[in-house]
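Results of the structural survey
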Amino acid sequence: MNYRRLGRSGLKVSELSFGSWVTFGTQLDVDGAKATIRRAYELGVNFFDNAEAYANGVSESIMGEALKQYRREDLVVSTKLFWGGSAPNQTGLTRKHLMEGIRNSLKRMQMEYVDLLFCHRPDPDTPIEETVLAMNDIVRSGLAFYWGTSEWSAEQLNEAYRIAKEYRVIGPTMEQPQYNMLVRGRFEKEYATLYKEHGLGTTIWSPLASGLLTGKYSKGIPEGSRLANMAWLREAFEKENMLGTETLSKIDRLQTVAGEVGCTLSQLAIAWCLKNPNVSTVITGASRIEQVDENLKSDQFVDRMDDGVMKRIESILGNKPS
């Protein structure tokens, strides 16, 4: 397993990391989490991602229990704040929710600090200035070592950097955007200047496009799959026509390329993400040991994806941002 610096920080994170979205607290209990985390750690993963919203906080509790058997200094742990509950002050990026939210997350995870703390989404109802100053105070207090954002626009990030410079406080270090073969615009085009000007680090999510790039939806939606059980995700797919004939045809052609490279389609999709130098780490997820093994062996195929292979993939995708 290789490691990369998180943007311009000195922090080293494994190129492939492990997250708990839609698995811990829904598909996996503590024992299941321990087993998958143990396998990921054995394969070289040091970064584990979570959020207060995952399984309404249960995911953090399960991960905290599962990670107790490891030395804390060997781990990089993150969580995200925005959706902490249904009460008026349990959501968003106000100073009140951020300060209370981080303490609640740490209590659930049985930790004194997290390494990375993300603002899970932008908050249109809270001034960015209030959020930046609160996150600075959280870092200064030692409750988190670095702070970042998730799915913020380049405009919002630039405003956060401007405010941090004006007040001489700690600005965002990293962003957690969706990035995969089918979703590229924001990561490759909108953020382009942020990598150069601010050294923005990235912890990308959904490298398999919520399972679409595994090929399992090529012949319909299997019973028990994520799309079958998550109505909101299925509606999002339908809205973007992600299950249309054109997309499924591309996936079939990518499957052929994967076979020629000698890997699975999932491994091809993850390795493709790793080819981008602006990707600090790719967050993977799994509900079974076999999935952990498959996903975390993806880095073995990066070197096989030479210019010829990448050009073939690009010709199939046909969606490179101009």
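This text goes with the structure placed above it.
A short tour of the structure in this document, coming up. (Residues numbered from 1 in each chain as written. Predicted model: local features only at pLDDT ≥ 70, side-chain atom pairs only at ≥ 80, totals over all residues. Heavy atoms only, no water.)

What to know about the overall build of the protein
- Scanning the protein from terminus to terminus reveals 13 helices and ten strands.
- Along the three orthogonal principal directions, the C-alpha set of the protein runs to about 50 × 45 × 35 Å.
- Per element, the accessible surface of the protein, about 14,500 Å² overall, is 46% carbon and sulfur.
- Charge centroids of the protein, computed over 39 positive and 41 negative side chains, lie 3 Å from each other. (Helix = DSSP H or I, 4+ residues; strand = E, 2+ residues; numbered from the N terminus. Areas by Shrake-Rupley, 256 points an atom, 1.4 Å probe, with all protein chains shown as cover. Lys, Arg positive; Asp, Glu negative; His and termini not counted. Charge placed at Lys NZ, Arg CZ, Asp CG, Glu CD.)

What about the state of the cysteines?
- Taken as a whole and judged by the stated rule, the model has zero disulfides.
- Here Cys263 stays free of any disulfide, with the sulfur of Cys273 as its closest cysteine sulfur at 13 Å.
- When its relative accessible area of 0% is taken as the criterion, Cys273 is described as buried. (Disulfide = S-S within 2.5 Å. Buried < 20%, exposed > 50% of the residue type's maximum accessible area, 1.4 Å probe, protein only.)

Examining the layout of surface pockets
- Volume-wise, the second largest pocket comes out at about 280 Å³.
- Lining the second largest pocket we find 13 residues, and of these Arg184, Asn276, Met310, Glu314 and Lys320 sit closest to its centre.
- For the lining of the second largest pocket, a count of residues per class yields four nonpolar, two polar and seven charged. (1 Å grid on protein atoms, 1.4 Å probe; cavity = no way out; pocket = protein on both sides within 12 Å on 5 of 7 lines; lining within 4 Å. Points joined across faces, edges and corners; volume = space filled by probe spheres on them. Nonpolar A, V, L, I, M, F, W, Y, C, P; charged D, E, K, R; others polar.)

A look at the packing of helix 1 (residues 30–42) against helix 12 (residues 289–296)
- The interhelical angle for the contact between helix 1 and helix 12, taken along N-to-C directions, is 25°, at an axis separation of 9 Å. In terms of orientation, helix 1 lies roughly parallel with respect to helix 12. Our pair here, helix 1 against helix 12, has a crossing hand that is right-handed. Seen from helix 1, the contacting residues are Ala35, Thr36, Arg39 and Ala40; seen from helix 12, they are Ile289, Val292, Asp293 and Leu296.
- Of the residues in the contact of helix 1 with helix 12, the class split is five nonpolar, one polar and two charged. (Axes fitted to C-alpha atoms, helices over the stretch in contact; angles between N-to-C directions. Parallel < 35°, antiparallel > 145°, perpendicular 65-115°, else oblique. Left-handed = near helix turned anticlockwise from the far one by under 90°. Contact = heavy atoms within 4.5 Å.)

Considerations on unusual backbone geometry
- Phi at Val22 is positive, roughly 60°, even though this residue is not glycine.
- Its place among the elements puts Val22 in the loop between strand 3 (16–19) and helix 1.
- Taking relative accessible area as the criterion, Val22 reaches 16% and is therefore assigned buried.
- If you check the backbone angles, Ala55 has positive phi at about 55° while not being a glycine.

A short note on the sheet that holds strand 10 (residues 281–284)
- The strand order 3-4-5-6-7-8-9-10 describes a closed barrel built from eight strands, whose pairing is parallel.
- Two elements, strand 8 (residues 174–175) and strand 9 (residues 201–204), share two bridges in a ladder whose sense is parallel. Residue pairing in the sheet places Met174 in a bridge with Gly201 of strand 9. (Pairing = 2+ DSSP bridges.)

Quick notes on the nonpolar core
- In this structure, Leu268 and Ile313 are the most contacted members of the largest nonpolar core, which totals 90 residues.
- Looking at this core, the element that brings in the most residues is helix 11 (residues 265–274), giving eight residues.
- With residues near it in sequence (within four places) discarded, Ile313 still touches Met181, Leu254, Val257, Leu268, Trp272 and Met305.
- Ranked by size, the runner-up nonpolar core spans eight residues in total, among them Leu6, Leu11, Val13 and Leu116. (Core = buried A, V, L, I, M, F, W, Y, C linked by side-chain atoms within 4.5 Å.)

A few points about the environment of Asp31
- Tracing the backbone shows Asp31 in helix 1.
- With relative accessibility at 59%, the residue Asp31 sits in the exposed group.
- Remark: the alpha-carbon pair of Asp31 and Ile102, spanning 71 residues in sequence, is separated by 25 Å.

Considerations on the side chain of Glu151
- The topology assignment puts Glu151 in the loop between strand 7 (144–149) and helix 5 (154–167).
- The exposure class assigned to Glu151 is buried, which follows from its relative accessible area of 18%.
- Reaching out from Glu151, the side chain makes a polar contact with the side chain of Trp205 at a distance of 3.1 Å.
- Here Glu151 is in contact with Arg121, Pro122, Glu175, Gln176, Pro177, Gln178, Arg186, Tyr191 and Trp205, once residues within four sequence places are set aside. (Polar contact = N/O pair within 3.5 Å; in protein donor to acceptor, adjacent residues only side chain to side chain.)

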